[in-house]
Amino acid sequence: MSGHILLIEDDTAFQSMLREALEERGHRVTVAGRAEDGIALLRGGGFDLVLSDVMLPGMSGVEAIPHLLSAAPGTDIIVMTAYSTRELALEAVKLGAYDVFSKPFSLKEMDIVIRRAMEKRRLQAEIAALRDSLRRDGPASRIIGESRAIMEVKALIEKVAPLDTTVLIMGESGTGKELASDTIRALSPRAAAPFVKVNCAAIPEHLFENELFGHEKGAFTGAATSQPGKFELAQGGTLLLDEIGDMPLAIQPKLLRVVEQKQVERLGGRRPVSLDVRLIAATNQNLADRVRERAFREDLYYRLGVAVVHLPPLRSRKEDIPLLAQHVVRRLQGTLGLPVHGLTPAAVAALCACDWPGNVRQLANVIERAAIAAEGPIDAPDVDRALGRAPGGHADGGVCCPVPAPGDTDPADAGPHAGEDACGPPAVPPSGASSPHAFAGAALTGPIDLRETVRMVERNLLLDALRRAEGRQTEAAVLLGLTPKNLWAKLQKHGIKPRNGLPLIQES
């Protein structure tokens, strides 16, 4: 193996002889007579190895070692000396020299050492390239985007993942909290250990303690056998408590004790079980607000928030939408069972014009609906139809959300805001329009009450999901990425009430 060698030697006869011998072996050699000159040459880069004499005019070869390593970190240095002593050799190696040779030396032996140093440098370069590749194609690569906001999230995840500390992931629904937790686990030393996920919003309050902590035989009526809880099932690995903001207040002190003491006690148990579990919590709620509302314990909030990862909403990183759209299309090409021919620039522009209240989940849903209906590459009209609006209805910065078609809403259940535009305040239909929904998804104009607008967007998303699920609340919850409990709470919030024996949405 050949390379570029910097030879620092003031003895011109020895310098000429050694240079000729190295060049005969296929190496490229650049010479310097002083250590200072060699350091200057090394700063220019391009060298694989340094051969340096000890006795040099000015700075000695040993004194030059730290400067040479500073000029080109990672470059191996072989020191040559006619006055070799054990102390000198130890000092040179201590300062970072790869090897020390006493003059005169065997060229054959020197050649072996040079080749080993070259091979070491080659392997180091391959390892560095492999690490870069793993960083690009590894678990963190599943988090799509190159915006500053998402790159900061990736950097934070890569920083906290190897640490055995509790992580709190916060972000709106659809921003990728579960993906973030998967990435943290995959990059952690516990990647091969169990990963148990618990959706706190889906567990009835009276079963919460049993689910998390387990029970002993006979602990309650029907407890015929002992049962470990989720914490014990995650022993040695990672436990994700998703929707932690929905955890009942009565359970929170017990969770705090488990987190602090690293022990869990089963229902009916007499001895605590020691735990070795990394905890990740996730929520789409503002826990600081929940603390102020006395719905979440302040001490538990601080205990969970050791490392906090905030996932940005899609509207704050719109530059990532083209990459996300391409990723969704590639995924659909392998799973949808029909050809997906990509997106036109107009379709990408239409996607980028939306604010996406449902974030990445909603974006993926709209692209899939558009792909099913498209007869070729997905175009802007396909996107508009997938959003339930007239083609050309998008406008820069507009809130985008699927809306119910005319007649989909039962007037008895429509509530006080029936007839409002799904993405803005009430609008007057244009001439010839048969429904106020003809303006759904159009650009917002004039003064806007943000809170009221968001409320209407959420309400129409609920109605659209129920229409698509034909009134089946469980299916609607899945479409929205909610638990049935959360869906029911939102329906109550918006005054959407089921009627006895009938679905919530009536088809006209």
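K.L.:
Quick question: what am I supposed to make of helix H1 (residues 12-24) here?
P.N.:
A rise of 1.5 Å per residue sets the reference length of H1, with its 13 residues, at 18 Å; its end C-alpha atoms lie 18 Å apart and thus fit the reference within 8%. Among all positions in H1, only Phe-14, Gln-15, Leu-18, Ala-21 and Leu-22 are buried. In a view along the axis of H1, the buried residues occupy a sector of 135 degrees, so they form one face of it. Exposed and facing more than 90 degrees away from the buried side of H1 are Thr-12, Ala-13 and Glu-24. Where H1 begins, one side-chain oxygen reaches toward the backbone nitrogen of Ala-13, 3.1 Å away; that side chain belongs to Asp-11. Phi for Gly-26, located one or two positions after H1, is positive at around 95 degrees.

K.L.:
How should I be thinking about the sheet that holds strand S14 (residues 307-310) in this particular structure?
P.N.:
Pairing in this open sheet of 5 strands is parallel, and the strands run S7-S10-S13-S6-S14 from one edge to the other. Here the strands that pair on one side only, and so sit at the sheet edges, are strand S7 (195-199) and S14. Looking at each pair of strands side by side, their axes are set apart by 15 degrees on average, direction ignored. Sheet strands touched by helix H6 (residues 148-160): strand S6 (167-170), strand S13 (278-283) and S14. Its angle to S14, the strand with the most contacts, is close to 155 degrees.

K.L.:
Even after reading the chapter, I still don't get unusual backbone geometry, so can you show me in this structure?
P.N.:
Excluding glycine, residues mostly carry a negative phi; peptide bonds, for their part, are mostly trans. In this model, Lys-103 is joined to Pro-104 through a cis peptide bond whose omega is -15 degrees. Examined against the element boundaries, Pro-104 turns out to sit in the loop between strand S5 (99-102) and helix H5 (107-137). Unusually for a residue other than glycine, Glu-243 sits at a positive phi of about 55 degrees. Here Glu-243 lies in the loop between strand S10 (238-242) and helix H10 (252-261). On the basis of relative accessibility, which here comes to 10%, the residue Glu-243 falls in the buried class. One non-glycine residue with positive phi stands out, namely Trp-356, at about 50 degrees. One can find Trp-356 in the loop between helix H14 (345-352) and helix H15 (359-373).

K.L.:
Mind showing me how you'd approach the packing of aromatic side chains here?
P.N.:
A ring pair, where both rings are aromatic, is described by two values, the distance of the centres and the angle of the planes. Taken as a whole and assessed by the stated rule, the structure comprises 4 aromatic pairs. Between Phe-213 and Phe-231 the ring centres are 6.1 Å apart and the planes differ by 20 degrees, which places this aromatic pair in the stacked class. With Phe-213 in helix H8 (residues 208-213) and Phe-231 in helix H9 (residues 230-233), this pair connects stretches of sequence that are 18 residues apart. Assigned by exposure class, Phe-213 and Phe-231 land together as buried. One aromatic cluster in this structure is built from Phe-14, Phe-101 and Phe-105. Between the NZ or CZ atom of Lys-103 and the centre of the ring of Phe-14, over which it lies, the distance is 4.4 Å.

Definitions and limits used
- Residues numbered from 1 in each chain as written.
- Predicted model: local features only at pLDDT ≥ 70, side-chain atom pairs only at ≥ 80, totals over all residues.
- Heavy atoms only, no water.
- Helix = DSSP H or I, 4+ residues; strand = E, 2+ residues; numbered from the N terminus.
- Expected span 1.5 Å × (residues − 1).
- Buried < 20%, exposed > 50% of the residue type's maximum accessible area, 1.4 Å probe, protein only.
- Arc of directions from axis to C-beta.
- Polar contact = N/O pair within 3.5 Å; in protein donor to acceptor, adjacent residues only side chain to side chain.
- Pairing = 2+ DSSP bridges.
- Axes fitted to C-alpha atoms, helices over the stretch in contact; angles between N-to-C directions.
- Contact = heavy atoms within 4.5 Å.
- Phe/Tyr/Trp six-rings, centres within 6.5 Å; stacked < 30°, edge-to-face > 60°.
- Lys NZ or Arg CZ within 6 Å of the ring centre and 35° of its normal.

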